[in-house]
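# Tertiary structure, described
Single-letter residue listing:
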Amino acid sequence: MSDMHSGFPDGFIWGAATSSYQIEGAWDEDGKGPSIWDRFTDRENTIWRRHHGRVACDHYHRFRQDVAIMQQIGLGAYRFSISWPRILPEGTGKVNKAGLGFYDALVDELLAHGIEPWVTLYHWDMPNELFYRGGWLNPSSPKWFADYTAVVVERLSDRVKHWITLNEPQCFIGLGYQTAEHPPGLQLDFSDVLQAGHHTLLAHGHAVTVIREKAKQKPNIGWSPAGSIYCPTSPSLEDVKAARQATQAVYPKGLWNNRWWGDPVVFGHYPEEGLRVYGSNAPRFKDSDFETIKQPIDFYGCNIFQGVSVYAGPDGNPVPAELAPGKPLSLYEWNQAPDSLYWGPRLLSEMYKLPIVITENGVSIGDQISHDGRVHDSVRVDFLIDHLLALKKAISEGVDVRGYFHWSFMDNFEWQEGYKHRFGLVYVDYENQERTIKDSGFWYQELIATNGESLQKYLSQDANPPPYVVKESLKYIEANIHEVFNVKSLAAKLNCHPDFLSRRFKQYTGTDLSSYIRQMRIERARDVLKRPGALIDEAVEQSGFSDRIHFTKVFRKLTGLTPGQFQRQFQSMMESPPDGVGLKAENPRSTSS
Ligand code: IFM
């Protein structure tokens with residue numbers, strides 16, 4: 001990777017992501033078996049307005065059009081998931097050739113359009129038959145997953161290099177086995193929840209082994225967990241320590257942590273704190289399980305949508321900060337925290353010393369087509385600007401981030417929320433399946449084309465944007481210094497109160513506005529007086545003073561010389577400049593009168 005300090009490195013991966021159940025539709029076509037989501041959405045009171053993914057974005061039939069749109073946006077990579085029951089309708093055993101054929105064609109289409117496929121093996125749509133056999137609670141589930149992985153890798157790895165094993169185990173185990181918001185819709189004892197989680201870790205390890213054994217080209221393998229990210233409220237050492245502590249903590253009964261999941265995968269054991277906090281609920285395992293789970297991976301995928309701000313309490317422990325009233329929230333009411341894209345990669349790479357790929361990041365808002373036929377999702381554009389500036393900062397400080405996948409390429413079925421949420425860069429009209437690239441999609445297009453350079457324009461403003469009145473004042477003073485004006489008349493020109501203008505000017509520049517104007521007038525007067533034969537009255541006039549007496553008073557105060565003295569001193573110095581001090585008279589305050 002070159003040029004780590006100027007922004008996004010050469011070869012940085014700009015992509016977008018989706019998942020099979022959320023976009024494909026064709027739920028029972030060409031031999032596909034039902035998934036747990038097909039069955040769950042059939043049940044009452046599971047999904048907002050009884051929405052389902054039977055048609056979704058109809059991507060199964062429209063993938064060629066979708067890939068063309070990806071190319072138009074300029075995506076370098078597309079992350080999609082494989083529907084397990086499309087490949088193995090019953091989860092194990094008989095392979096559905098047509099299902100494999102679909103992914104074959106999709107991969108070919110992507111490559112033909114210059115887009116690198118990134119395949120996720122599990123994004124939540126387990127074959128329903130496997131749920132009947134206990135789903136992730138069954139100790140055989142890791143083996144089922146390994147066998148399924150083998151089928152996919154055999155078929156696609158001649159063209160696919162990038163593999164992600166599991167997407168967000170915290171989520172599909174937490175919502176599926178603990179709170180029943182997702183299928184299979186169970187509310188189990190915490191010990192069973194953790195047991196199911198342990199099986200997913202084994203499944204991950206098996207899958208990595210299978211990919212390494214069977215891949216037809218050197219694979220690039222990672223996974224995409226979804227642990228909570230904590231950001232310090234201030235850059236103080238104490239607050240940073242508190243954020244680090246929270247990002248590493250395991251909290252009782254909760255699954256949304258990083259280390260319970262990440263430590264086995266990277267270090268080959270559960271974190272001690274986790275074992276202590278979960279106590280008797282910890283899963284049953286053999287030590288040898290960790291030999292399976294801990295497999296070398298090439299990158300740590302991060303799905304980051306929000307961040308919790310924390311500060312150090314009196315005992316140094318993290319305390320969540322109150323959200324300021326009016327802080328932007330997504331439709332989900334997730335806190336928009338751009339610095340999560342700085343702190344997340346930074347703290348996770350510090351913990352696991354692996355390259356980071358942002359495998360999901362995005363925001364859902366209520367997009368709509370405007371009268372001009374376009375989708376003006378300025379909130380998403382701002383979200384992207386702020387988050388990618390934070391990511392850029394992490395990279396420029398040396399955090400090894402290899403890629404960014406926006407969630408999502410297009411609007412889609414948002415699980416229990418149905419189609420209420422729109423996360424896409426591309427708007428989907430579910431009535432007629434028309435696609436419209438949103439403003440954010442065009443914005444992303446420019447960003448990709450410039451490898452992130454287009455962010456520069458926001459960076460300079462973002463660093464410390466001069467308030468409008470200050471910017472305009474500076475411009476006005478420079479252009480009109482020969483005119484008679486003061487703070488009051490300047491404020492009137494800018495349509496604001498003189499006190500407000502003075503306050504903003506002082507805040508931003510650290511200088512008193514009327515002193516600044518006076519200083520600029522004297523600078524101008526000195527320039528005039530340096531001209532051979534210049535009259536003092538010319539200096540008065542051209543520096544915007546209303547009368548000579550006032551001018552002389554101010555000139556003397558600021559330079560320590562009368563205008564005449566300044567003129568004489570300057571001229572004599574020009575005639576015989578003292579050695580080595582040719583510019584001394586340039587600084588009249590250093591010259592005694
Ligand atoms: O839509 C989901 C995705 O399936 C997993 N990560 C979070 C996204 C937004 O909720």
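The structure under discussion appears in the preceding block.
Residues numbered from 1 in each chain as written. Predicted model: local features only at pLDDT ≥ 70, side-chain atom pairs only at ≥ 80, totals over all residues. Heavy atoms only, no water.

## Remarks on empty space enclosed by the protein
Scanning all chains against the criterion turns up four cavities of 30 Å³ or more. In this structure, the largest cavity encloses a volume near 80 Å³. Ile36, Trp37, Tyr122, Trp124, Met126, Trp136, Phe172, Tyr177, His182, Pro183 and Pro184 are the residues that line the largest cavity. Counting residues per element, the ones that place at least two in the lining of the largest cavity are α2 (36-40) and α8 (169-178). When grouped by side-chain class, the residues that make up the lining of the largest cavity number 10 nonpolar, one polar and no charged. (1 Å grid on protein atoms, 1.4 Å probe; cavity = no way out; pocket = protein on both sides within 12 Å on 5 of 7 lines; lining within 4 Å. Points joined across faces, edges and corners; volume = space filled by probe spheres on them. Helix = DSSP H or I, 4+ residues; strand = E, 2+ residues; numbered from the N terminus. Nonpolar A, V, L, I, M, F, W, Y, C, P; charged D, E, K, R; others polar.)

## Focus: the layout of surface pockets
Put simply, the largest pocket is a space of about 550 Å³. In this structure, the largest pocket is lined by 26 residues; those nearest its centre are Glu168, Trp256, Phe305, Gln306 and Trp334. Of the residues in the lining of the largest pocket, the class split is 14 nonpolar, nine polar and three charged.

## A few points about the packing of aromatic side chains
For the structure shown, the criterion picks out 57 aromatic pairs. Between Tyr419 and Tyr430, the ring centres sit 4.4 Å apart and the planes meet at 50 degrees, which makes this aromatic pair tilted. Taken together, the residues span a long stretch of sequence, with Tyr419 in the loop between β11 (401-407) and β12 (426-429) and Tyr430 in the loop between β12 and β13 (434-437) at a distance of 11 residues. Ring plane angle 70 degrees and centroid distance 5.7 Å describe the contact between Phe555 and Phe566, whose orientation is recorded as edge-to-face. In this pair, Phe555 is assigned in helix α23 (residues 548-559) and Phe566 in helix α24 (residues 563-575), connecting sequence segments 11 residues apart. (Phe/Tyr/Trp six-rings, centres within 6.5 Å; stacked < 30°, edge-to-face > 60°.)

## With respect to helix α16 (residues 439-449)
Taken as a whole, α16 has its buried residues at Asp439, Ser440, Gly441, Trp443, Tyr444, Leu447 and Ile448. In the stretch just after α16, Asn451 is the one whose phi turns positive, near 45 degrees. (Buried < 20%, exposed > 50% of the residue type's maximum accessible area, 1.4 Å probe, protein only.)

## Let's talk about the side chain of Ser19
Relative to the assigned elements, Ser19 resides in the loop between β1 (13-17) and α1 (20-23). Of the polar contacts made by the side chain of Ser19, one reaches the side chain of Gln22; its length is 2.8 Å. Beyond its immediate chain neighbours, meaning those up to four positions away, Ser19 contacts Ser81, His123, Trp407 and Trp415. (Polar contact = N/O pair within 3.5 Å; in protein donor to acceptor, adjacent residues only side chain to side chain. Contact = heavy atoms within 4.5 Å.)

## Thoughts on the packing of helix α5 (residues 97-112) against helix α7 (residues 141-156)
Two numbers describe how α5 lies on α7: the axes approach to 10 Å, and their chain directions differ by 40 degrees. Considering their axes alone, α5 and α7 lie oblique with respect to each other. For α5 against α7, the interelement crossing comes out right-handed. Residues Leu100, Gly101, Tyr103, Asp104 and Val107 of α5 touch α7, and the partners they reach there are Val151, Arg155 and Leu156. Its residues assigned to classes, the contact of α5 with α7 comprises five nonpolar, one polar and two charged. (Axes fitted to C-alpha atoms, helices over the stretch in contact; angles between N-to-C directions. Parallel < 35°, antiparallel > 145°, perpendicular 65-115°, else oblique. Left-handed = near helix turned anticlockwise from the far one by under 90°.)

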